[in-house]
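Summary of structural features
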Amino acid sequence: MAEEKKYTTVSIPKPLYDKIKARIEGTGFTSVSDYVTYVLREVLASLEEEEKEEVFTEEEEEKVKERLRALGYLD
Amino acid sequence: MVSKPHGGKLVRRIVADRTRERILSEQKEYPRVDIDHGRAIDLENIAHGVYSPLKGFLTSDDFGSVLDHMRLSDDTPWTIPIVLDINERNFDEGDAVLLYHDGLPIARMHVEEIYTYDKREFSTKVFKTDDPAHPGVARVMGMGDYLVGGEIELLNELPNPFAKYTLRPVETRVLFKERGWRTIVAFQTRNAPHVGHEYVQKAALTFVDGLFINPVLGKKKKGDYKDEVIIKAYEALFKHYYPKNAATLATVRYEMRYAGPREAIHHAIMRKNFGATHFIVGRDHAGVGDYYGPYEAWEMFDNFPDLGITPMFIREAFYCRKCGGMVNAKICPHGEEFHVHISGTKLRKMIMAGEQPPEYMMRPEVFEVIRSFENPFVE
């Protein structure tokens with residue numbers, strides 16, 4: 001079984017910390033760390049989405065298209 | 001643009017022909033591990049990238065992280081443990097073994113780790129219960145005492161009576177691109193379609209380029225529709241009621257876990273790997289009995305801002321006599337006395353009695369197809 005998830009410390013300016021603390025009051029976030037983790041995951045995921053898409057080789061793609069035509073998925 | 005594969009790269013773990021021949025010619029030299037149908041299907045899904053970024057069965061780090069945090073140890077969202085269990089250790093860590101199903105060698109596995117686990121903890125964390133009446137819990141309790149983690153390579157495809165309807169993520173991605181779909185909504189189902197399903201699917205399709213109906217084939221409960229019935233019923237629906245270039249149907253083999261909210265996330269990840277950008281999450285998605293709240297699966301998505309596929313929460317549809325059509329609770333102002341809810345159980349009873357359901361419940365063409373089967377339900 002894995003150990004408890006490891007955490008590390010990141011410093012943010014105190015006024016920003018206070019702003020976040022005020023903002024998360026009454027929301028589902030239980031701590032500033034939770035909120036910061038959520039936002040960072042969201043930001044990183046959207047950056048990754050913008051990265052170039054994986055492309056198949058032409059040969060590979062043609063082979064797939066042949067099967068799709070044979071099965072009636074493509075004309 | 002279709003969704004990026006989960007974890008960034010579509011996994012394909014299929015050995016090249018020459019290597020395959022060599023491995024098979026040496027098969028007696030490998031320790032043999034026999035696996036059941038459910039694990040064989042998991043293996044197939046790993047090999048074809050349905051479970052990207054997994055390259056094999058979970059090692060203990062990932063397993064523990066999935067149980068405790070619903071993420072792999074590298075922080076990628078992952079909610080259902082994909083594990084291989086054994087009872088006897090006839091091999092060691094570092095060995096390569098061959099995995100067999102029904103006498104057929106289907107994969108080579110590089111054993112990275114053999115570890116023990118707590119079945120009760122597995123159950124309570126994944127299913128939120130350790131009640132043995134829950135089918136997922138019952139399966140976990142019947143599993144072997146050890147888990148084996150490590151990467152796999154597919155040697156042989158499992159026999160598939162529905163190969164014609166089975167598309168892999170690499171194929172759906174090309175298909176969506178060829179059709180010019182940039183946004184695709186996926187619908188997961190285990191049922192023959194009634195009008196309520198059609199309403200939900202078409203409501204979602206209104207907002208995207210394409211609809212991807214992806215029925216799950218595999219082990220079923222008594223009384224469920226048989227796989228071939230689901231496929232034929234959808235074909236009839238497509239032929240008569242769906243725009244040809246805006247919807248497509250392909251099946252996937254998968255063993256339901258009935259893990260409710262956690263499994264809804266898993267279903268969304270699978271469809272992301274097929275290239276879908278959106279995923280329809282229904283009422284009590286992947287639930288069983290009353291173990292989960294009707295909209296608990298919707299709330300679960302709040303935990304994953306980095307999922308990479310957009311859930312579409314569409315309320316249950318029903319027929320309103322006053323509106324004169326299919327509606328949902330959000331758009332219909334009329335009282336319950338005007339509403340007719342479409343119950344799967346009621347439909348089944350009508351079908352078994354040879355009674356045609358009203359058109360607002362089931363399309364006549366769909367009913368005709370179902371009726372053409374001597375027994376459309378699993379016995």
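Up top is the structure these notes are about.
Along every chain, residues carry numbers that run from 1 in the direction the sequence is written. For naming, the first written chain is A and the first written ligand is 1, with later ones following in the order written. Selection of residues for local features in this predicted model requires a pLDDT of at least 70, selection of side-chain atom pairs for listing and counting requires 80 or more, and totals for whole chains, interfaces and linings are taken over all residues.

Turning our eyes to something else, we now look at the overall build of chain B. Counting its regular elements, chain B contains 12 helices and 16 strands. Along the first, second and third principal axes, the C-alpha set of chain B runs to 70 × 45 × 40 Å. Relative to its full complement of 379 residues, chain B shows a buried share of 47%. Once C-beta atoms have been placed from the backbone, residue pairs whose C-beta atoms lie within 7 Å are recorded as contacts. Considering only intrachain contacts with a sequence separation of at least 6, the fraction spanning at least 24 residues in chain B is 76%. Going along the chain from the N terminus, every DSSP run of H or I of four or more residues is numbered as a helix, and every run of E of two or more is numbered as a strand. With C-beta atoms placed from the backbone, a residue is labelled by how many other C-beta atoms lie within 10 Å of its own: buried for 20 or more, exposed for 12 or fewer, partly exposed between the two.

All names here are of chain B. Of note, the bond from S52 into P53 is cis; its omega dihedral lies within 30 degrees of zero at 10°. Along the polypeptide, P53 turns up in the loop between helix 2 (37–47) and strand 2 (56–57). Despite not being glycine, K128 has its phi angle at roughly 65°, a positive value. Considering the arrangement of structural elements, one finds K128 in the loop between helix 4 (119–127) and helix 5 (135–141).

Listed in full, the buried residues belonging to helix 7 (residues 195–205) of chain B are V195, G196, H197, Y199, V200, Q201 and L205 of chain B. Among the structural elements, strand 8 (184–189), strand 9 (210–217), strand 10 (247–249), strand 12 (278–281), strand 14 (317–320) and strand 15 (325–328) of chain B are those in contact with the buried residues of helix 7 of chain B.

A separate point is the sheet that holds strand 14 of chain B. Within a beta sheet, neighbouring strands are joined by backbone hydrogen bonds and run either parallel or antiparallel to one another. Residues and elements named next belong to chain B. Pairing between strands requires that DSSP locate at least two bridges from one strand to the other. With respect to topology, 3 strands assemble into an open sheet ordered 15-14-16, the strand pairing being antiparallel. The sheet terminates laterally at strand 15 and strand 16 (339–341), the two strands that pair on one side only. Strand after strand, the sheet turns through a mean of 45° between neighbouring axes, direction not considered. Across 4 bridges, strand 14 lies against strand 15 in antiparallel orientation. Directly across from F318, in strand 15, lies its bridge partner V327. The angle between two axes is taken between their N-to-C directions and runs from 0 to 180 degrees, where each axis is a line fitted to C-alpha atoms and a helix contributes only its stretch in contact.

To continue, consider the environment of V39 of chain A. Along the chain, V39 of chain A falls in helix 2 (residues 32–50). In sequence terms V39 of chain A and E49 of chain A are 10 residues apart; their C-alpha atoms lie 15 Å from each other.

As a further point, take the pairing of strand 8 of chain B. Residues and elements named next belong to chain B. Most of strand 8 is tucked away, with 5 of its 6 residues classed as buried. Here 6 bridges tie strand 8 to strand 9, and the two strands are oriented parallel to one another. Looking at strand 9, one finds that Q188 is bridged to N214. Think of it like this: strands point away, you trace from the first strand over the helix to the second, and a clockwise trace means the crossover is right-handed. Tracing the backbone out of strand 8, into helix 7 and back to the parallel element strand 9 gives a crossover that is right-handed. The sheet contact formed by strand 8 and strand 12 spans 2 bridges and is parallel. Within the sheet, the bridge partner assigned to V185 lies in strand 12 and is H278.

Here we take up the packing of helix 3 (residues 58–70) of chain A against helix 6 (residues 169–178) of chain B. The N-to-C vectors of helix 3 of chain A and helix 6 of chain B enclose an angle of 85°; their axes lie 10 Å apart at closest approach. As summarised for this structure, helix 3 of chain A and helix 6 of chain B are arranged roughly perpendicular, according to the angle between their axes. Between helix 3 of chain A and helix 6 of chain B, the residues in contact are E61, V64, K65, R67 and L68 of chain A and V170, E171, V174, L175 and E178 of chain B, respectively. Residues that form the contact of helix 3 of chain A with helix 6 of chain B fall into these classes: 5 nonpolar, no polar and 5 charged. Should an angle fall under 35 degrees it is called roughly parallel, over 145 degrees roughly antiparallel, and 65 to 115 degrees roughly perpendicular, with every other angle called oblique. All amino acids are sorted into three groups, where Ala, Val, Leu, Ile, Met, Phe, Trp, Tyr, Cys and Pro are nonpolar, Asp, Glu, Lys and Arg are charged, and the leftover types, Gly among them, are polar.

Taken together, the contacts link 24 residues of chain B with 20 residues of chain A. Going through the elements one at a time, helix 3 (60–69) and helix 6 of chain B are the ones with two or more residues in the side of chain B that touches chain A. Here the side of chain B that touches chain A takes 7 residues from helix 3 of chain B, the largest share from any one element. Of the residues in the side of chain B that touches chain A, the class split is 8 nonpolar, 8 polar and 8 charged.

Here the focus is the environment of G293 of chain B. All names here are of chain B. Within the secondary structure layout, G293 lies in the loop between strand 12 and helix 10 (296–300). A residue is classified by how many C-beta atoms lie within 10 Å of it, and G293, with 14 of them, is partly exposed. Along the sequence, G293 and T206 sit 87 residues apart, while their C-alpha atoms lie 28 Å from each other.

This brings us to the nonpolar core. Residue and element names in this part refer to chain B. Each nonpolar core consists of buried Ala, Val, Leu, Ile, Met, Phe, Trp, Tyr and Cys residues. Their C-beta atoms, within 7 Å, join them into a set. Grouped together as the largest cluster of nonpolar side chains are 109 residues, with contacts concentrated most on L99, I184, V185, A233 and V366. Here the element with the most residues in this core is helix 8 (residues 227–241); it accounts for 7 residues. The residues contacting I184, other than those within four sequence positions of it, are V2, F176, V208, D209, G210, F212, G275, A276, T277 and H278.

Honestly, it's all geometry; don't read function into it.
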